[in-house]
Amino acid sequence: MANLETILSWFQTGDNPTEEEFRQTFSSFRHNDTKILIKDVDGLESSLNNKLNVNDYVKDGKIRADKIEALGLTDLIESNESNISEFITNFYKYEFQQNDFIAVPDEKGNFSLYLFKGGEKNDKNNYLPTGISNVTIGMVQGLQSELDKKIDLPVTDGNFYIKKSSGLTTTEILVDDTLTTVVNKNNYSPKGIAFIEETEGSGNPGKNGVLGANKNTYSFFFGNMNPDHTGVYNIAFGYNSLSSVTSGQINTVMGHYAAKSLTTGGANTVMGYESATGLTTGNDNTLIGVSSGYNLKGGTGNSMFGKWTGCFIAGSSNTFLGYRAGQHWGKGGSGLWSSNIVIGANTSGHPNGIWGENNLILGSNIELIGAQNNRFIINNFLGTANRWYATHFIEGNFADRWLRFDTSLQVLRLPAADVSFTKDVVAKPDGTFGLEDKKDYVSLSGTAIGKPFTGNIELEKFIDFYWHDDNGVRRAISTQSDSFSIYSGSEISDYAKEIQINAERGIYASEDLSSWYSENSFIQKRYVDSKVDLVISNDTQSSSSYTLRKNDAQDGDLSYMKIKGTFDIPANNFILLEFPKNVDIGIQKVTGRYVDEFNAVQYVDFVVETNADSETRIINNSEIFYKEVIINATLVGVAKNYAK
């Protein structure tokens, strides 16, 4: 066959090609119906030889492990552009690499093949024409089947995997797994995930940093929980957390070394570095804070919240709340102390030791020492107070049943008292309160209106009620063992002026007060005797007469001497009035009144006579016996030169 240049020389203007020239010309071209052999395509055979044979790397549909590293990557890229220049302009729309074929179609559906040799994808010189144009893949005998057997060689370093899709087998870059892709591959892990190697660099999983779950006990852990435990529903997070647990169950533990010695204890909640380190068999404890409940051992039902709370105690039912609350409690004796409540930061107890039970301590920085039992204390200090034996703001004793306040006491809200309140609160000098039967008290301001005394008032002997008048003179009302007195004096001990009421003597005054009398004054016997007194003398009365005598007359006007009384005067009888001989009496008539047998008031006049012996008589000259006659008469006379 002639080459193209020779053929063109046969067909110049004016030439007459021969039959042989026509034969060689047409023989130099390939007809559409004629298949092109691989060996006849320039460079194709060598390019195919650079491809991997699938059968060499795939067996029974699986990639051979010993051939994975030898797999390469080559693709046949079908262009949507109609020429190579347009393809290069839009190269970014395609994924291809060195040694990939670019098939550029024309309007008839035929392709021109280009080989990308590598380099910049926008450089036309990096795309080598294969010399095949106006052909389809099907025109090359065996090309499609050969291509189907090949896998593109990778052009970069990395990990790759074989992918077959829609009958086309390729290699794809293997992206590093993420946690999401790992979990999504299979949601089940048959064993724990170790984060620490057994020995550094060994690649073997260690036991001290394992995240996992026990499928038999439903216990979850991140650390080194004892894998042979039998207790159910435990949770442990931290190195040496529940590392010794056996049959203990329902424990929730977080923190390095937390509950590391626990074996059979259950239902404990522990959180914090070295919290409950010594707990072994105890149950139902809640311990939160660094080293909280450090030495608890078999203690049950304890609640501790805060760093270093209850580090030494080993008993039960203790509650410690606050930084270092109860830190040294139990440091002494057996340590098995129970039922203590300590609330407050730094209320730790003295480092030398504190022990006991049934205590309630509220407040910060309260430092106690030694044996403490049944104590109730409320106090608070800005710093640690070494007041081991001092009284506290509020303190008491549960066993001895007492409560003490070292402060003033105010009660702002109390119920209104009614008849059911029957006791009064009283106090000793030391501040001890007590109860006594309720008493009614009189306010210093007196009784309220409408609330008078309704009972008796009993006074002790020698009680004074005193006041000072506007002039500063002391006035007093006093009780003695046998009398009641009214005093007036300038000093407390001045009893010079006294009016005394005595059962034997009646009303008595310590001196003559007549100079102070007014018209309405109550008067003394001495004054009456000297002025008026005509007293019925019972020792002289007889069946037929009454004798009145002047007991103590003095010189002066006796115009106010009176006869007043109720008398029985028989018929033809009289009342004898007896006076001292130096008293002249003048009486004209005495009138009396009485009630007769018909219950009618009657009046009667009596004759008054005075004889030579100075006897004065009130005479009944009638035949009637006047009974209970009321006589009220005035005697007019003058006393002369009379001495007692």
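A. Up close: the confidence of the model for the chain. Model confidence for the chain is summarised by a mean pLDDT of 78, while 75% of its residues fall at 70 or above. Taken together, the stretch residues 61-73 has pLDDT below 50 and engages in 34 contacts with residues farther than four places along the chain or on a different chain. Contacts from residues 636-644, a stretch scored under 50 in pLDDT, to residues over four places away or in other chains number 31 contacts.

B. Here's a closer look at the environment of D15. Secondary-structure assignment places D15 in the loop between α1 (4-10) and α2 (19-27). For D15, a relative accessible area of 35% gives the class partly exposed.

C. Region of interest: the packing of aromatic side chains. As enumerated under the stated definition, the model contains 13 aromatic pairs in all. Residues F96 and F116 carry aromatic rings whose centres are separated by 5.3 Å and whose planes lie at 85 degrees to one another, so their mutual orientation is edge-to-face. Of this pair, F96 sits in the loop between α5 (84-89) and β5 (101-105) while F116 sits in strand β6 (residues 111-116), and the two are 20 residues apart along the sequence. The class of F96 is buried, set by a relative accessible area of 6%. Measuring from centroid to centroid gives 6.1 Å for Y257 and Y273, while their planes differ by 85 degrees, and the two rings are edge-to-face. Of this pair, Y257 sits in the loop between β15 (252-254) and β16 (269-271) while Y273 sits in the loop between β16 and β17 (286-288), placing them 16 residues apart in sequence. The ring of F96 is capped by K121, whose NZ or CZ atom sits 4.2 Å from the centre of that ring. The residue whose ring lies beneath K307 is W308, and the NZ or CZ to ring-centre distance is 4.3 Å.

D. A look at the pattern of salt bridges. Applying the stated criterion to the full structure yields five salt bridges. The shortest N-O distance in the salt bridge between E20 and R23 comes to 2.0 Å. Within this pair, E20 and its partner R23 are both found in helix α2, separated by three residues, close to a single helical turn. Here E395 ties to R375 by a salt bridge, and the two come within 3.1 Å at their closest N and O atoms. Taken as a pair, E395 in strand β25 (residues 394-397) and R375 in strand β24 (residues 375-378) lie far apart in primary sequence, 20 residues in all. Accessibility expressed as a relative area gives 17% for R375, which makes it buried. Among the charged side chains, a salt-bridge network with shared partners connects R375, E395 and R404.

E. Spotlight on the side chain of N251. Topologically, N251 is positioned in the loop between β14 (235-238) and β15. A distance of 3.0 Å separates a polar atom in the side chain of N251 from the backbone oxygen of G265. Excluding anything up to four places from it in sequence, N251 contacts Y233, N234, I235, L242, L262, G265, G266, A267 and N268.

F. Up close: the sheet that holds strand β4 (residues 76-78). One open sheet accounts for four strands, arranged β4-β5-β6-β7; its pairing is mixed. Unpaired on one side and paired on the other, β4 and β7 (127-129) mark the two borders of the sheet. Averaged over neighbouring strand pairs, the angle between their axes works out to 30 degrees when direction is ignored.

Basis of the calculations
- Residues numbered from 1 in each chain as written.
- Predicted model: local features only at pLDDT ≥ 70, side-chain atom pairs only at ≥ 80, totals over all residues.
- Heavy atoms only, no water.
- pLDDT = per-residue confidence, 0-100.
- Contact = heavy atoms within 4.5 Å.
- Helix = DSSP H or I, 4+ residues; strand = E, 2+ residues; numbered from the N terminus.
- Buried < 20%, exposed > 50% of the residue type's maximum accessible area, 1.4 Å probe, protein only.
- Phe/Tyr/Trp six-rings, centres within 6.5 Å; stacked < 30°, edge-to-face > 60°.
- Lys NZ or Arg CZ within 6 Å of the ring centre and 35° of its normal.
- Salt bridge = Lys/Arg side-chain N within 4 Å of Asp/Glu carboxyl O.
- Polar contact = N/O pair within 3.5 Å; in protein donor to acceptor, adjacent residues only side chain to side chain.
- Pairing = 2+ DSSP bridges.
- Axes fitted to C-alpha atoms, helices over the stretch in contact; angles between N-to-C directions.

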